[in-house]
Amino acid sequence: MNDAIFMERCLELAKKGLGNTYPNPLVGSVIVHEGKVIGEGWHKKAGCNHAEREAISKVKDPSLLSNSTLYVNLEPCDHFGKTPPCTDLILEMKIPRVIIGCLDENKKVLGKGLKKLQAAGCEVEIGILESKCQKLNRRFFSFHQKKRPYVILKWAETIDGFMAPEETHKKYWLTDPLSKQRVHQWRSQEEAIMIGVQTALNDNPKLDTRLWKGKNPLAVVIDPQQKLSHTESDFNLQKGKFLTIKNQNQEEITDHLPLKAQEILDQLYDNDLQSVIIEGGSKTLQCFIDEGLWDEARIFVTKDELGAGLKGPLINRDRVHTTSTINADTLITLYKESMISSKA
């Protein structure tokens, strides 16, 4: 039996939940009897059935389960949350073989589900397509391993490296409308979207997903001097919930003493946010690049030339990356760590 083929299907199913399962991970499950899929499912939303329970419920003839294999991209849980433990159901249905993509890094789960299944006599194999499984849940793993959200940087620049003209008092769009729609799709997949206070004051952005069907991320504004309090009645984000990042040490903040990226991420972690896409200005983006606190950078490069203006952030582009085109725009995606690579 080709375990990798069925694990690939688990990953395909799991991706369907992207943007909807927080704080839970993305999980898909497939049940196979004599080489044929007899049940499959994925975790759709926190509080809904986990993938294993969903897959088991889709099996028309439960008597086949005692001679079947269950595939799942992440270790089954062995604790009560909003739903009962998946390990209990697997054992109750007498499924003899369980194939797991990778372990769960949540301390409530890590290794416990695996040990319970093994102790009950299940044949358990772990590590099938492990890198792909880890990449899929990179947001979840970053939160539990690094104690910070997964950080995605996003900006657009001209072919000569400028983000906007030197002086502009209105919004300046560089990219193709299809690229803009892609950004709104990305927003729907992340828990938070963050900008600096100057971008908020200059552009008064909505930071929503109006060009894509999906939930709006939590809007976050880095505002150490609490400048937004003077513009609340005009600020677009007042129409919905948003979070401001302030100076927690009550020290005097000046343009020469901004909040550090780590302090910002600490506050996001304290608010249980697993991922953030940063769409701020050049200074905000450069702050995270300089401190090495980023995971992906998504850069739109247009064919326009400005010759002068606001320079885009400086980042080492000699690393793992992918390149694609969206109409006239080129999209470059950089990955900071090799684990999050084109292998998946």
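Look up a bit, the structure's there.
Residues numbered from 1 in each chain as written. Predicted model: local features only at pLDDT ≥ 70, side-chain atom pairs only at ≥ 80, totals over all residues. Heavy atoms only, no water.

Trainee: Give me the lowdown on the pairing of strand β8 (residues 192-196), citing residues and values where you can.
Mentor: Among the five residues in β8, five count as buried, and that is most of the element. Side-chain alternation along β8 places Ala192, Met194 and Gly196 on one buried face and Ile193 and Ile195 on a second face that is also buried. (Buried < 20%, exposed > 50% of the residue type's maximum accessible area, 1.4 Å probe, protein only. Helix = DSSP H or I, 4+ residues; strand = E, 2+ residues; numbered from the N terminus.)

Trainee: Quick one: what's the story with the packing of aromatic side chains, residue by residue and with numbers?
Mentor: In total, this model carries four aromatic pairs according to the counting rule given. Ring centres of Phe143 and Tyr269 lie 4.7 Å apart, and the angle between their planes is 35°; on these two criteria the pair is classed as tilted. One end of the pair, Phe143, is in helix α6 (residues 138-146); the other, Tyr269, is in helix α9 (residues 261-270), with 126 residues separating them in the sequence. A relative accessible area of 10% means that Phe143 is categorised as buried. Over the ring of Trp42 we find Lys16, and its NZ or CZ is 5.3 Å from the ring centre. When the ring centre of Trp186 is taken as origin, the NZ or CZ atom of Arg298, which lies over that ring, is 4.7 Å away. (Phe/Tyr/Trp six-rings, centres within 6.5 Å; stacked < 30°, edge-to-face > 60°. Lys NZ or Arg CZ within 6 Å of the ring centre and 35° of its normal.)

Trainee: Account for the sheet that holds strand β5 (residues 123-126), with residues named and values stated.
Mentor: As summarised here, the arrangement of the five strands in space is β2-β1-β3-β4-β5, forming an open sheet in which the pairing is mixed. Each edge of the open sheet carries a strand with a single partner, namely β2 (36-42) and β5. Each strand of the sheet is rotated relative to its neighbour by a mean of 15°, with strand direction disregarded. In this structure, strand β1 (residues 28-33) lies alongside β2, joined through six bridges in antiparallel fashion. Within β2, the residue paired with Val30 across the bridge is Glu40. (Pairing = 2+ DSSP bridges. Axes fitted to C-alpha atoms, helices over the stretch in contact; angles between N-to-C directions.)

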